[in-house]
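What follows is the residue order along each chain.
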Amino acid sequence: MVGFAGKSAVAGSVAFVALLGAPVPATAVAEQCANPTGTYTAAVPWGQRLIDPARIWPLSRGAGQLVAVIGTGVDGGNRQFAPGQLVGGQGTGTDDCDGRGTIAAGIVGAQPDPSTTFAGIAPGVKLLPLRYTQVNGGGDPGQLASAIETALNRGAGIILIAVPAASDSPALTGAVSRAREKGALIVSPAAGTQQGQTSYPTATRGVLAVGSTNQAGEAVQTESGSYLGISAPGAELVSTSAGAGGTVAHRWPVSDPSLAAAHVAGVAALVRAYHPELSPEQVVARLTLTAHRGPSGGHDPRRGWGSIDAYAAVSAVIPAGTPGPGGPPNVAPETVVVPAAAPARGGTDKVSGVLAIAGVAAAVAAGVVVAAVRRGKRRGWRPSRFRAS
């Protein structure tokens, strides 16, 4: 049974509809803004157990990384965000009636707190909240493009699209291109839950597109395509709540395919903080090369190259210039030899993920052939580039 302190879990059922993004009439916004379920005190949520960020924090906490969270804003009144962690100023959204932006931001960077078992993946990051929509299914792609441009102008190195758009535009494609030119990584979810839906800029070349899974590893979203790069938790989650009013407060259980991208953005921040020399494409290569693959070992149109392995992504020894299994982000997978699936982790017996890349050779016309052998090491071994944060 889920434990909490504070408000009843059934309080504000109308507010939960607002949390999921249903359009809210202007006259009813105050009554329907998201409210906390309570303070989460049960077992560590499964999404945090899968990522296991505390294991990575001796290597990296994401310090020095500015992560833009583009969606419905972020409520700075939740005490699990550190003072000064949310970067304000013109164009930012430091309140969040809808609640989705606050949930996404908490997954990325909420601080550990003794009152709860929930913590964000990269508590060392700064967060730049940018509100561009409160509409279910995403907002205007032109407004989303403007928000991306603002993030770039403010110096964000990682741009999380917490609420993608349901359509594309030349302005949005152009904003993605400028992000690539400036060395910023855009992480965007495949949020479509109906057949034929496509999210943007998720499907745009150069974006790390993220699929969503439940605890059983099954894809949650219906959206699929060759552009999917990786998958992460997106169902039955816990995170920070809007409307906390200066307390540590959460919402659960939350199921939203868009939240898978928040997990990946947090891990990307850990990777870039520990490997500051890496380009966005090299960060994507690390994430996809070290992912836990499905039985086929190949690309899955709904889960990409597999489920994210955060520890391996940070600690793996990968020669410079090694391409990801599918080449650059959002390029249709070619015929490639991919690294073996990461070993399954059972119970508390953790396996250290250190990836040894045996060699890289050019293929003729078909693409890049990557030969990789994965070596597991028992608990207690440290990666060769260990340094305290």
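Residues numbered from 1 in each chain as written. Predicted model: local features only at pLDDT ≥ 70, side-chain atom pairs only at ≥ 80, totals over all residues. Heavy atoms only, no water.

A. Geometry of the sheet that holds strand 3 (residues 66-71). Read from one edge of the open sheet, six strands run 4-3-5-6-7-8, paired in parallel fashion. Taken across any chain shown, the strands that pair with only one partner, and hence form the sheet edges, are strand 4 (126-131) and strand 8 (228-233). Neighbour-to-neighbour, the strand axes of this sheet turn through a mean angle of 25°, independent of strand direction. Pairing of strand 6 (residues 185-189) with strand 7 (residues 208-213) involves three bridges; the strand directions are parallel. Bridging across to strand 7, Ser-188 finds its partner in Ala-209. Where helix 5 (residues 100-109) meets the sheet, its contacts fall on strand 3, strand 4 and strand 5 (158-161), and the angle it forms with strand 3 comes to roughly 160°. (Pairing = 2+ DSSP bridges. Helix = DSSP H or I, 4+ residues; strand = E, 2+ residues; numbered from the N terminus. Axes fitted to C-alpha atoms, helices over the stretch in contact; angles between N-to-C directions. Contact = heavy atoms within 4.5 Å.)

B. Fine view of the nonpolar core. Counting residues in hydrophobic clusters, the biggest one holds 75 residues, and the most contacted among them are Ile-70, Ile-148, Ile-159 and Leu-287. In terms of residue count, the dominant contributor to this core is helix 8 (residues 259-274) (12 residues). Residues within four places of Ile-159 in sequence aside, it is in contact with Ala-68, Ile-70, Ile-148, Ala-151, Leu-152, Ala-184, Leu-185, Ile-186 and Val-187. Formed by six residues, the second largest nonpolar core is a distinct cluster that contains Tyr-40, Ala-42, Ala-110 and Trp-252. (Core = buried A, V, L, I, M, F, W, Y, C linked by side-chain atoms within 4.5 Å. Buried < 20%, exposed > 50% of the residue type's maximum accessible area, 1.4 Å probe, protein only.)

C. Representation of the packing of aromatic side chains in the model. Applying the stated rule across the entire model yields one aromatic pair. Pairing Tyr-40 with Trp-252 gives two aromatic rings, centres 5.1 Å apart and planes at 80°, and the pair type is edge-to-face. Of this pair, Tyr-40 sits in strand 2 (residues 39-40) while Trp-252 sits in strand 10 (residues 250-254); the two residues are 212 residues apart in sequence, bridging distant segments of the chain. Both residues of the pair, Tyr-40 and Trp-252, count as buried. One residue, Arg-55, lies across the ring of Tyr-311, its end atom 3.9 Å from the ring centre. The ring of Trp-57 carries Arg-61 above its face, with NZ or CZ at 4.9 Å from the centroid. (Phe/Tyr/Trp six-rings, centres within 6.5 Å; stacked < 30°, edge-to-face > 60°. Lys NZ or Arg CZ within 6 Å of the ring centre and 35° of its normal.)

D. Looking closely at the side chain of Glu-223. The topology assignment puts Glu-223 in the loop between strand 7 and strand 8. Within the buried core, Glu-223 has no salt-bridge partner, and the shortest N-O distance to an opposite charge, that of Arg-302, equals 9.9 Å. A polar atom in the side chain of Glu-223 sits 2.7 Å from the side chain of Ser-199. (Lys, Arg positive; Asp, Glu negative; His and termini not counted. Salt bridge = Lys/Arg side-chain N within 4 Å of Asp/Glu carboxyl O. Polar contact = N/O pair within 3.5 Å; in protein donor to acceptor, adjacent residues only side chain to side chain.)

E. Examining helix 5 more closely. Along helix 5, 10 of the 10 residues are buried, which leaves the element largely enclosed by surrounding structure. When helix 5 is considered as a whole, its buried residues turn out to be Arg-100, Gly-101, Thr-102, Ile-103, Ala-104, Ala-105, Gly-106, Ile-107, Val-108 and Gly-109.

F. Region of interest: the packing of helix 6 (residues 141-153) against helix 7 (residues 170-181). Following both chains from N to C, one finds helix 6 and helix 7 inclined at 20°, their axes separated by 8 Å at the closest point. When the axes of helix 6 and helix 7 are compared, the pair comes out roughly parallel. In the packing of helix 6 onto helix 7, the handedness of the crossing is left-handed. Of the residues in helix 7, those touching helix 6 at Pro-141, Leu-144, Ala-145, Ile-148, Glu-149 and Leu-152 are Ala-171, Leu-172, Ala-175, Arg-178 and Ala-179. Each residue belonging to the contact of helix 6 with helix 7 can be placed in one class, and the counts come to nine nonpolar, no polar and two charged. (Parallel < 35°, antiparallel > 145°, perpendicular 65-115°, else oblique. Left-handed = near helix turned anticlockwise from the far one by under 90°. Nonpolar A, V, L, I, M, F, W, Y, C, P; charged D, E, K, R; others polar.)

G. View of helix 6. When the terminal C-alpha atoms of helix 6 are compared, their 18 Å separation across 13 residues agrees well with the 18 Å that a helix rising 1.5 Å per residue should span. Considered for burial, the residues of helix 6 that qualify are Pro-141, Leu-144, Ala-145, Ala-147, Ile-148, Ala-151 and Leu-152. Along the axis of helix 6, the buried positions cluster into a sector of 160°, meaning they face one direction only. Tucked inside the fold, the buried residues of helix 6 contact strand 3, strand 4, strand 5, helix 7 and strand 6. Two or three places before Gly-142, at the start of helix 6, stands the capping residue Asp-140, its side-chain oxygen 2.9 Å from that residue's backbone nitrogen. Of the residues trailing helix 6, Gly-155 is marked for its positive phi of about 90°. (Expected span 1.5 Å × (residues − 1). Arc of directions from axis to C-beta.)

H. Just the confidence of the model for the protein chain, in detail. Residues of the protein chain with pLDDT of at least 70 account for 76%, and the chain-wide mean is 81. Note on residues 1-30: pLDDT under 50 across the span, and 52 contacts to partners over four residues away in sequence or across chains. When the criterion is pLDDT under 50, residues 334-389 qualifies, and its contacts beyond four places in sequence or with other chains add up to 116 contacts. (pLDDT = per-residue confidence, 0-100.)

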